[in-house]
Amino acid sequence: MSKSGLHVVIPVLNRWHQTRACLRRLLDQGQPPAGIVVVDHGSVDETAEGLATEFPGVVHLESDPEHWWTGASNAGIRTAMDRGASRIMLLNNDCLLGQGSLHRLLEHAEQNPDAVIAPVQRNTSGKVQVVTARTLFLLGFQTLIPPGSRRKAGNGKLLPTGMIVGGRGAIIPRTVFDRVGLFDEARLPHYGADHDFYLRCRKQGVPLRIAADAFVDIDETITTLAWGPGSLSLAQFLETLRRRRSHRNLRDLSTLFRLHYPIPGLWWVGVGLNLLRYTAVYVTARVARVFAPAGRK
C-alpha cells in the first residue's frame, strides 16, 4: 500500500513535551508518512530546539502568533500541498495515534479515495469518547453524539457520520480542499472552523467516515478552557464565554450559528439554547460538587 502522498499537519503552541509524544507515536506506527509539518505559531518554550535536535526530518514552519488553530492549520496544509501531498492528516499535539491506526486509516483511505476519514476518539484512559456524531443547530447543538454510538468502536467497519470532531487524526484528500476550500480563518480563527469545514464538505457531497478500527487518544484536560465545567468557579465559567481558547466562547459560537442555522435570521435562538444548556450543566455540576460527600469533591 502506497503511503507516499500522506503529509501530517500539526499546529502547536508551546507544550513541547506533548509535541514530542505526539511525534514519537506517529513515527512509531511502522510506516511513517511521507512528510510531517509542525506549524509553530508563537511557541516560547523549547519547541524549536527540540524539533531540530530530535526530529530533524520534520518540517518546522514558523507561523504568525495571531493565526490561532485555523490559520496555523491552513499554513501547514498549503506547505504540505506545495510538497506534493495527495492526502493530509490533521493532528493536534495533544493527540496520540493508537498503535497500527495509521495503517488502518490509510487502508480505508485508499479504498475510499473521495472520503474524509477519521479515527475513533478516546481519552487518555482509553475510554471511547466519540465515534460518530451529528449536528442539530436548530436546538442549539453544534455537536451531538447519538446514544449507543460508542458501542460501534472496534468493529472494523467504516461508519458514516454527520460530523467529524476536530483536527484529531482526520485524513483529508487534497481533492477535497481543491473542491471545498481551506478552513475559514477570517471568520473562525480558532473554534468552529472544523465544524464549518465539514459542514461545507457535506453540502458538496463529500463522504464523512469514521474508521471504527483506528483510534486516537486525546488529553482533554488541556483541549479547552470549558473542559469539566463542574470544576470551574463562577469567574472561570464566565471566562469560558469570553476567551477564544474556550470552545464555548460566544464570539465564535455566534459566527458558526450565523453560518449554519437552518432558519436564516434566527441564529440567536440556537446560540441561546446552547448557552442555556451549558449553564444548566454548570449549575447542576456545581451543586452536585457542593453537596458531594467529603473526599469526593
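Above this text is the structure in question.
(A) Structural detail: the overall build of the protein. Each helix and strand counted, the protein has 9 helices and 12 strands in total. In terms of overall size, the protein behaves like a compact globule, its C-alpha atoms giving a radius of gyration of 19 Å where 297 residues would be expected to give roughly 19 Å. Dimensions of the protein, computed from the C-alpha atoms along their principal axes, are close to 55 × 40 × 40 Å. Looking at the protein residue by residue over its 297 residues, the buried ones come to 50%. Put simply, of all contacts in the protein between residues at least 6 apart along the chain, 75% involve residues at least 24 apart. Carbon and sulfur atoms make up 54% of the accessible area of the protein, which amounts to about 13500 Å² in all. A distance of 11 Å separates the average location of the 36 positive side-chain charges in the protein from that of its 25 negative side-chain charges.

(B) Region of interest: the environment of Lys127. Relative to the helices and strands, Lys127 resides in the loop between strand E6 (116-123) and strand E7 (128-130). Judged by its relative accessible area of 56%, Lys127 is exposed. Considered as a pair, Lys127 and Asp217 are 90 residues apart in the sequence and their alpha carbons are 8.9 Å apart. When residues no more than four places from it in sequence are discounted, the contact partners of Lys127 are Gln121 and Arg122.

(C) Structural context of the pairing of strand E11 (residues 168-173). With 6 of its 6 residues buried, E11 lies for the most part within the structure. The sheet contact formed by strand E4 (residues 87-91) and E11 spans 5 bridges and is antiparallel. Within the sheet, the bridge partner assigned to Leu90 lies in E11 and is Ala170.

(D) Representation of empty space enclosed by the protein within the structure. The final tally for this structure, using the stated rule, is 1 cavity of 30 Å³ or more. Its boundaries defined by the atoms lining it, the largest cavity holds a volume of some 30 Å³. Along the walls of the largest cavity sit Pro119, Gln121, Val130, Val131, Met163, Ile164, Val165 and Ile210, which together make up its complete lining.

(E) The arrangement of a nonpolar patch on the surface in detail. There is a patch of nonpolar side chains on the surface, built from Leu138, Leu139, Ile263, Leu266, Trp268, Leu273 and Leu276 and spanning about 640 Å² of accessible area. Relative to the helices and strands, Ile263 is located in the loop between helix H8 (250-260) and helix H9 (267-290). For Ile263, a relative accessible area of 37% gives the class partly exposed.

(F) Structural view of the packing of aromatic side chains. Summed over the entire model, instances satisfying the criterion amount to 10 aromatic pairs. A centroid spacing of 6.3 Å and a plane angle of 35° characterise the contact between Phe257 and Tyr261, whose relative ring orientation is tilted. Grouping residues by exposure puts Phe257 and Tyr261 together as buried. These aromatic residues form a ring-pair network of at least three members: Trp69, Phe177, Phe183, Phe197 and Tyr198. Taking NZ or CZ as reference, Arg258 lies 4.2 Å from the ring centre of Trp267, over its face. Taking the ring centre of Phe141 as reference, the NZ or CZ of Arg277 above it sits at 3.8 Å.

Rules used throughout
Residues numbered from 1 in each chain as written. Predicted model: local features only at pLDDT ≥ 70, side-chain atom pairs only at ≥ 80, totals over all residues. Heavy atoms only, no water. Helix = DSSP H or I, 4+ residues; strand = E, 2+ residues; numbered from the N terminus. Rg over C-alpha atoms; globule rule 2.2 N^0.38 Å. Buried < 20%, exposed > 50% of the residue type's maximum accessible area, 1.4 Å probe, protein only. Contact = heavy atoms within 4.5 Å. Areas by Shrake-Rupley, 256 points an atom, 1.4 Å probe, with all protein chains shown as cover. Lys, Arg positive; Asp, Glu negative; His and termini not counted. Charge placed at Lys NZ, Arg CZ, Asp CG, Glu CD. Pairing = 2+ DSSP bridges. 1 Å grid on protein atoms, 1.4 Å probe; cavity = no way out; pocket = protein on both sides within 12 Å on 5 of 7 lines; lining within 4 Å. Points joined across faces, edges and corners; volume = space filled by probe spheres on them. Patch = residues over 30% accessible without salt bridge, like charges linked within 9 Å, V, L, I, M, F, W, Y side chains within 5 Å. Salt bridge = Lys/Arg side-chain N within 4 Å of Asp/Glu carboxyl O. Phe/Tyr/Trp six-rings, centres within 6.5 Å; stacked < 30°, edge-to-face > 60°. Lys NZ or Arg CZ within 6 Å of the ring centre and 35° of its normal.

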